[in-house]
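Results of the structural survey
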Amino acid sequence: MALITISGYPCSGKSQRAAQIKRHLDDRLADPSYNGPTLSVVVLSDDSLSIDRSAYDDSKSEKPARGSLFTAIQRSLGRNNIVIVDSLNYIKGFRYQMYCAAREMKVRVCTVYVLAPPDLCKRWNNERTDGRVYSPETLDNLLQRYEEPSSMVRWDSPLFTVSWTDVDVPADDIWRAISEGMVKPPNTGTQAAAKAPTDALRTLEHTTASIVTAIISEQANSGLFSGTISLSISPMLKSRITLPPRNITLSELQRYKRQFVMLHKKAITLGTTERGAVDWNEQCVADKFVVYLEENIKL
């Protein structure tokens with residue numbers, strides 16, 4: 001249903017704000033006047049995933065920790081969940097990654113920026129007695145590397161800033177954002193491409209080779225080296241091609257065939273072109289190859 005991203009300096013009070021948001025949402029969902037769908041509020045944090053503060057000591061340990069968090073986010077996102085991500089989320093690229101995952105699941109998003117001065121964060125870190133303390137070097141490094149959210153970019157919007165002096169979070173505004181905001185469609189760059197059938201490569205090779213053979217045979221039998229030629233590739237597969245006024249050699253046709261096959265082989269193996277609209281039947285391949293030949297054979 002929604003993804004709420006909490007972002008802020010280490011020890012800036014993010015967990016407190018996440019708890020406030022969860023309490024407001026739970027109260028609203030339990031209110032007798034609420035008549036919407038049945039929803040659950042899920043809070044994902046370093047603590048709930050048993051990610052130690054030392055994971056941020058170096059990039060080698062931080063990367064798998066962030067991967068564990070992202071996997072938990074993907075697993076929790078859904079139409080019946082409001083997911084609150086209570087973590088540093090200090091890298092804008094990671095916030096964008098979460099935003100794309102939310103769009104894939106067609107859920108609403110918002111970002112809560114928990115604001116506190118660095119000196120205050122350091123003091124709160126030193127005063128912790130629960131063992132969840134950042135080392136001074138790690139804390140300084142995270143403070144310097146923090147990438148502040150911006151309402152000007154789509155993956156941080158809508159953005160709500162909560163200062164350390166604020167008693168509570170803007171619960172009503174957050175609720176409107178996750179319940180009434182626009183649900184953006186999945187990013188086309190992240191959508192899975194339709195897989196080609198298992199015999200697509202064989203069809204590509206066989207059909208293009210048959211067309212080359214048919215063109216050479218038709219030229220030899222009819223003596224026509226130009227104009228529109230009808231090609232009878234098989235009893236069920238026929239095509240027409242318009243050739244320039246000269247003899248097209250076998251080596252030239254084979255060169256174009258190799259180029260065409262290489263061009264489309266990537267689409268078969270990786271699904272990187274013509275996303276979601278590829279037809280690999282023989283007639284379609286034949287029609288495409290004929291058009292490719294007509295566009296590339298020079299006079």
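Residues numbered from 1 in each chain as written. Predicted model: local features only at pLDDT ≥ 70, side-chain atom pairs only at ≥ 80, totals over all residues. Heavy atoms only, no water.

Further remarks concern the overall build of the chain. For the chain, the helix and strand inventory stands at 9 helices and 7 strands. The buried share among the 299 residues of the chain stands at 42%. Looking at the chain alone, contacts between residues at least 24 apart form 77% of all its contacts between residues at least 6 apart. Counting only carbon and sulfur atoms, one obtains 52% of the accessible surface of the chain, whose full area is about 16000 Å². (Helix = DSSP H or I, 4+ residues; strand = E, 2+ residues; numbered from the N terminus. Buried < 20%, exposed > 50% of the residue type's maximum accessible area, 1.4 Å probe, protein only. Contact = heavy atoms within 4.5 Å. Areas by Shrake-Rupley, 256 points an atom, 1.4 Å probe, with all protein chains shown as cover.)

With that settled, the discussion passes to the side chain of Asp86. With respect to the element layout, Asp86 can be found in strand 3 (residues 81–86). Among buried charged residues, Asp86 stands out as having no salt bridge; its nearest opposite-charge side chain is Lys14, 5.7 Å away. Side chain to side chain, Asp86 and Ser15 meet in a polar contact 2.7 Å long. Residue contacts for Asp86: discarding those within four places in its chain leaves Ile6, Lys14, Ser15, Ala18, Val43, Leu44, Ser45 and Asp46. (Lys, Arg positive; Asp, Glu negative; His and termini not counted. Salt bridge = Lys/Arg side-chain N within 4 Å of Asp/Glu carboxyl O. Polar contact = N/O pair within 3.5 Å; in protein donor to acceptor, adjacent residues only side chain to side chain.)

For the rest of this paragraph, the subject is the pairing of strand 1 (residues 2–8). The buried count for strand 1 comes to 7 of 7 residues, which makes it a mostly enclosed element. Alternating residues of strand 1 divide into Ala2, Ile4, Ile6 and Gly8 and Leu3, Thr5 and Ser7, and every residue in both groups is buried. Two strands pair when backbone bridges link them, and strand 1 and strand 3 are joined in this way by 5 bridges, in the parallel orientation. Residue pairing across strands places Thr5 opposite Val85, the latter belonging to strand 3. Taken together, the 7 bridges between strand 1 and strand 4 (residues 108–115) define a ladder with parallel strand orientation. (Pairing = 2+ DSSP bridges.)

Glancing now at the sheet that holds strand 5 (residues 159–163). An order of 2-3-1-4-5 is seen for the 5 strands of this open sheet, with the pairing classed as parallel. What marks the edges here is a single partner per strand, and that holds for strand 2 (40–45) and strand 5. Ignoring strand direction, the axes of neighbouring strands in this sheet form an average angle of 20°. In this structure, strand 4 lies alongside strand 5, joined through 5 bridges in parallel fashion. Each bridged residue has a counterpart across the sheet, and for Val114 the counterpart in strand 5 is Val162. Running over the sheet, helix 2 (residues 59–76) touches strand 1, strand 2 and strand 3 and is turned about 170° from strand 2. Docked against the sheet, helix 3 (residues 92–104) engages strand 1, strand 3 and strand 4, running at close to 175° with respect to strand 1. (Axes fitted to C-alpha atoms, helices over the stretch in contact; angles between N-to-C directions.)

Here we come to the environment of Arg103. Assignment of secondary structure puts Arg103 in helix 3. Taking the C-alpha atoms as reference, Arg103 lies 6.1 Å from Lys184; in sequence the two are 81 residues apart.

Let's shift gears to the state of the cysteines. On inspection of all chains with the given rule, the structure shows 0 disulfides. Here Cys121 stays unpaired: no disulfide links it, and the sulfur of Cys11, its closest cysteine neighbor, is 6.9 Å away. By relative accessible area, which is 0% here, Cys121 ends up buried. (Disulfide = S-S within 2.5 Å.)

Each pair of aromatic rings is reported with the distance of its centres and the angle of its planes. Within this structure, the stated rule accounts for 9 aromatic pairs. Aromatic rings pair up to connect Tyr9, Tyr113 and Tyr146 into one cluster. Over the aromatic face of Tyr256 sits the side chain of Arg255, whose NZ or CZ is 5.2 Å from the ring centroid. (Phe/Tyr/Trp six-rings, centres within 6.5 Å; stacked < 30°, edge-to-face > 60°. Lys NZ or Arg CZ within 6 Å of the ring centre and 35° of its normal.)

Between helix 2 and helix 3, the shortest axis-to-axis distance is 10 Å and the interhelical angle comes to 20°. Taken together, the axis directions place helix 2 and helix 3 in an arrangement best described as roughly parallel. For helix 2 against helix 3, the interelement crossing comes out right-handed. Here Arg66, Leu69, Phe70, Ile73 and Gln74 of helix 2 come into contact with helix 3, specifically with Phe94, Gln97, Met98 and Ala101. When its residues are assigned to classes, the contact of helix 2 with helix 3 shows 6 nonpolar, 2 polar and 1 charged. (Parallel < 35°, antiparallel > 145°, perpendicular 65-115°, else oblique. Left-handed = near helix turned anticlockwise from the far one by under 90°. Nonpolar A, V, L, I, M, F, W, Y, C, P; charged D, E, K, R; others polar.)

When we look at burial in helix 6 (residues 171–180), the residues that qualify are Ala171, Ile174, Trp175, Ala177 and Ile178. An end-on view of helix 6 places all buried positions within 160° of arc, on one side of the element. On its buried face, helix 6 sits against strand 1, helix 1 (14–30), strand 3, strand 4 and strand 5. (Arc of directions from axis to C-beta.)

If you look at the biggest cluster of nonpolar residues, it comprises 25 residues, and the most contacted ones within it are Ile211, Ile215, Leu231, Ile241 and Leu293. For this core, the secondary-structure elements that each account for two or more residues are helix 7 (200–222), strand 6 (227–234), strand 7 (237–243), helix 8 (250–270) and helix 9 (282–296). Excluding residues that lie within four positions of it along the chain, Ile215 makes contacts with Leu231, Ile241, Leu243, Leu253 and Leu293. Grouped together as the second largest cluster of nonpolar side chains are 22 residues, Leu25, Ile84, Val114 and Trp175 included. (Core = buried A, V, L, I, M, F, W, Y, C linked by side-chain atoms within 4.5 Å.)

A separate point is the side chain of Ser76. Counting through the fold element by element, Ser76 comes out in helix 2. Residue contacts for Ser76: discarding those within four places in its chain leaves Val42, Leu44, Asn81 and Val83.

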